[in-house]
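Close look at the chain arrangement
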Amino acid sequence: MTPAWKMLLKKSEELVDTKIIDLFANSNNRIEEFSIDFENMFLDFSKNIIDKETFELLLELCENCELKKNINSLFNGDKINETENRSVLHTALRDFNLNSEIGKELLSDRQKIKKFTSDILSGKTKGSTNKKITDIVNVGIGGSDLGPNMVIESLRFYRTELNCHFVSNVDGDHLSEILKVINPETTLFVIVSKTFTTQETLTNAKKIKEFLEKRSINDISKHFIGVTSNIKYALEFGLDKENIFKMYDFVGGRFSVWGSVGLTVSLAIGYENFEKFLKGANKMDEHFKVSNYDKNIPVCLALISIWYNNFMSCETEAVLPYSEYLKFLPNYLQQMLMESNGKCVDRFSEKVDYQTGTVVWGGTGTNSQHAFFQLLHQGTKLIPCDFIGFKSSLHGNDDAHNKLMSNFVAQTQALMVGGSMGDSPFRKFEGNNPSNTILFDKVSPESMGMIISMYEHKVFVQGIILNIFSFDQWGVELGKSLASKLLTEIESKNILKHDASTKNLLDKLINK
Ligand code: F6P
């Protein structure tokens, strides 16, 4: 336990009854101290149960855990994914100034994405029956699905004429509904899998192959693209070498949307917009690298989260984008945050005796106001929230946007200030519910790049302070391996010895 950590434990007892509004009353410059202006964004973190002294102690945590050294390791591509013996270098995918060998290779990957996007959009590259491609189906799961899906939905306003679909689930209904609406002659299937061994993705890819064959598509290779680091398996599956886009060992699935996994994004919004998206992320990288901790957006967000998670007994945090375009952001962040920091063993292989990753959830405002906000306002749980909003709309309907944004601000105010709407206890609002307000100019490729990079670095900083490895995900393996054994039992109708509940369920499945 570091010295600052010990002091923070004491501080938390002191602050438990502190009212955020009193912190404002006792300071002339709380907004200046607890906010950051950067490029086209503004972070206001003044509405938190954090006083100046607490903030300083939180900043000390960064020194205690040598954050600067760790940030340098991240950008240098050091082998910080120790349990998989891998380097981590997803930030290189959005760095346009890398002169190294890998920088050159990444540049050539981007050129390949650019050319392919242009050839598909212009109709130069066509399907096997010489028809222009109209639909793209991204076939992948986890990081090979959530990133492109969320980014494309967020940037729908910037879309090219291609229709995009996503198949992730091994549930056959997912694929079959998509196959109902596409024309195989004008559809390109992008099989995205870093390992090219993922059960869900390969099952769907094989089914698609059968589907194309049944529909008499002669040259299937014209309808299949692969995005993978396992070229051998992709070739064995039947993909053409030039139709394979590379993924790298040093980029984890949940951090991969910036590279070839972003091919679908480039097709969906055009390469120029894809590049703006990368550049937005790179701007946040530079900010993260050089800014003092007290004015460093990802660092401050991480420290606030640590404060609530480790000192104020909060178990969850909500992300609330006030834009329908960003409706998949909470989903996406669930993988990024929970797969990264849902760990119970520290870097010394010891079981931790403190909380690690928080549960992240959320939804878009104002829809969520009419769903779960009741619990935020009057429930018994303290749930810190990130409110993400945009000054201007893309549609130009000012009437609607003013209404949306008045709700955006009103909610953060109501959560903090509380109040009463009558004498009855049922109409009382205690307030003192913390939130961060993150305000961008508008939804754009650049702002989306910044948002994602901001959360990536937040997660990284949390992992460092919590002394856990953020870049592996061993927790997903046991279930996968059990499922493959149970599949053999289900298929052969030969159920082996299990606990009573599992056996009973398997019996029900085979005796239907
Ligand atoms: O099961 C978890 C996971 O390994 C994720 O981390 C990853 O994004 C996903 O599966 C898909 O893996 P792949 O891209 O290798 O198919």
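Residues numbered from 1 in each chain as written. Predicted model: local features only at pLDDT ≥ 70, side-chain atom pairs only at ≥ 80, totals over all residues. Heavy atoms only, no water.

1. Description of the environment of I452
In this structure, I452 sits in helix α17 (residues 445–465). Considering only alpha carbons, one finds I452 and M336, 116 residues apart in sequence, at a separation of 9.5 Å. Residue contacts for I452: discarding those within four places in its chain leaves M150, V151, W258, F277, Y332 and M336. (Helix = DSSP H or I, 4+ residues; strand = E, 2+ residues; numbered from the N terminus. Contact = heavy atoms within 4.5 Å.)

2. Focus on the site of the ligand
The full set close to the ligand counts 14 residues, and G143, S144, S193, T195 and T198 are the nearest of them. Contacts to the ligand include G143, whose backbone N or O atom sits 2.7 Å from an oxygen atom. Taking T198, its side chain carries an N or O atom lying 2.5 Å from an oxygen atom of the ligand. Across the complex, the protein chains shield 87% of the 400 Å² of accessible surface that the ligand would expose by itself. Residue composition of the shell around the ligand, by class: two nonpolar, nine polar and three charged. (Near = heavy atom within 4 Å. Polar contact = N/O pair within 3.5 Å; in protein donor to acceptor, adjacent residues only side chain to side chain. Areas by Shrake-Rupley, 256 points an atom, 1.4 Å probe, with all protein chains shown as cover. Nonpolar A, V, L, I, M, F, W, Y, C, P; charged D, E, K, R; others polar.)

3. Re the sheet that holds strand β4 (residues 163–167)
Pairing in this open sheet of five strands is parallel, and the strands run β4-β3-β5-β6-β7 from one edge to the other. Where the open sheet ends on each side, the last strands, each with one partner, are β4 and β7 (244–246). Recorded for the sheet is a direction-independent mean angle of 20 degrees between the axes of neighbouring strands. Strand direction decides the pairing type here: strand β3 (residues 135–139) and strand β5 (residues 187–192), joined by five bridges, are parallel. Each bridged residue has a counterpart across the sheet, and for V137 the counterpart in β5 is F189. Its contacts with the sheet put helix α9 (residues 199–214) on β3, β4, β5 and β6 (224–228), and the angle it makes with β5 is roughly 155 degrees. (Pairing = 2+ DSSP bridges. Axes fitted to C-alpha atoms, helices over the stretch in contact; angles between N-to-C directions.)

4. Thoughts on the domain arrangement of the chain
One can read the domain layout of the chain as domain 1 (3–64 + 291–343 + 353–466), domain 2 (90–274) and domain 3 (485–512). Contacts between the two partners involve 22 residues from domain 1 and, on the opposite side, 21 residues from domain 2. Summed over both partners, the interface of domain 1 with domain 2 buries about 2000 Å², with 66% contributed by carbon and sulfur atoms. Inspection of the domain 1/domain 2 interface yields three salt bridges. The partner of E339 in a salt bridge is R254, with the nearest N and O atoms 2.8 Å apart. (Domains from an automatic or database assignment. Buried area = accessible area lost by both parts, 1.4 Å probe. Salt bridge = Lys/Arg side-chain N within 4 Å of Asp/Glu carboxyl O.)

5. Overview of the sheet that holds strand β9 (residues 359–362)
Overall, mixed pairing links the six strands, which are arranged β1-β2-β13-β10-β8-β9 in an open sheet. With partners counted over all chains shown, the strands left at the sheet margins are β1 (35–38) and β9, one partner each. Across this sheet, the average inter-strand angle for adjacent strands is 15 degrees, counted without regard to direction. Sheet topology places strand β2 (residues 41–44) next to strand β13 (residues 435–440); four bridges connect them, and they run antiparallel. Bridge assignment links D44 to a residue of β13, and that residue is T437.

6. Focus on helix α1 (residues 3–15)
Helix length check: α1 (13 residues) gives 18 Å between terminal C-alpha atoms against 18 Å at 1.5 Å per residue, within 8%. Along α1, the residues that are buried comprise A4, W5, L8, K11, S12 and L15. The arc enclosing the buried residues of α1, seen along the axis, measures out at 110 degrees, which places them on a common side. What points out from α1, more than 90 degrees from its buried face, is the exposed set P3, K6, K10, E13 and E14. Where α1 is buried, its residues meet α4 (52–64), α13 (297–311) and α17. (Expected span 1.5 Å × (residues − 1). Buried < 20%, exposed > 50% of the residue type's maximum accessible area, 1.4 Å probe, protein only. Arc of directions from axis to C-beta.)

7. Thoughts on the environment of C62
Positionally, C62 belongs in helix α4. Relative accessible area serves as the criterion here: at 0%, C62 is assigned to the buried category. If we skip the residues at most four places from it in the chain, C62 touches L67, Y293, V299 and L303.

8. Thoughts on a negative patch on the surface
A grouping of E56, E60, E63 and D294 is seen on the molecular surface, where their side chains present a negatively charged patch. Structurally, the position occupied by E56 is in helix α4. A relative accessible area of 43% places E56 in the partly exposed class. (Patch = residues over 30% accessible without salt bridge, like charges linked within 9 Å, V, L, I, M, F, W, Y side chains within 5 Å. Lys, Arg positive; Asp, Glu negative; His and termini not counted. Charge placed at Lys NZ, Arg CZ, Asp CG, Glu CD.)

9. Section: helix α5 (residues 67–76)
When we look at burial in α5, the residues that qualify are L67, N70, I71, S73, L74 and F75. Count one or two residues on from α5 and you reach G77, which has phi positive near 75 degrees.

10. A closer look at the environment of F387
With respect to the helices, strands and loops of the structure, F387 is situated in strand β10 (residues 385–390). Along the chain, F387 and G365 lie 22 residues apart, while their C-alpha atoms are 8.7 Å from each other. When near neighbours in sequence (up to four residues on either side) are disregarded, F387 contacts L320, Y322, F373, F408, Q411, T412, L415, S435, N436, T437 and I438.

11. Observations concerning the packing of α5 against α17
Orientation of α5 relative to α17, taken along the N-to-C sense of each, is 130 degrees, at an axis distance of 11 Å. With respect to their mutual orientation, α5 and α17 come out oblique. Considering only the axes of α5 and α17, their crossing is right-handed. Of the residues in α17, those in contact with L67, N70, I71, L74 and F75 of α5 are H457, F460, V461 and I464. Tallied by class, residues from the contact of α5 with α17 come to seven nonpolar, two polar and no charged. (Parallel < 35°, antiparallel > 145°, perpendicular 65-115°, else oblique. Left-handed = near helix turned anticlockwise from the far one by under 90°.)

12. Some points on the packing of aromatic side chains
Tallied over the entire structure, the rule returns 26 aromatic pairs. Geometrically, the ring pair formed by F34 and F55 is tilted, given 5.3 Å between the ring centres and 40 degrees between the ring planes. You can see F34 sitting in the loop between α3 (30–33) and β1 and its partner F55 sitting in helix α4, a full 21 residues away along the chain. Like F55, F34 is buried. By the ring-pair criterion, three or more aromatic residues cluster together here, those being Y322, W361, F372, F373, F387 and F408. The ring of F245 is capped by K112, whose NZ or CZ atom sits 4.6 Å from the centre of that ring. For the cation-ring pair, K279 lies above F96, with the distance from its terminal atom to the ring centre recorded as 4.7 Å. (Phe/Tyr/Trp six-rings, centres within 6.5 Å; stacked < 30°, edge-to-face > 60°. Lys NZ or Arg CZ within 6 Å of the ring centre and 35° of its normal.)

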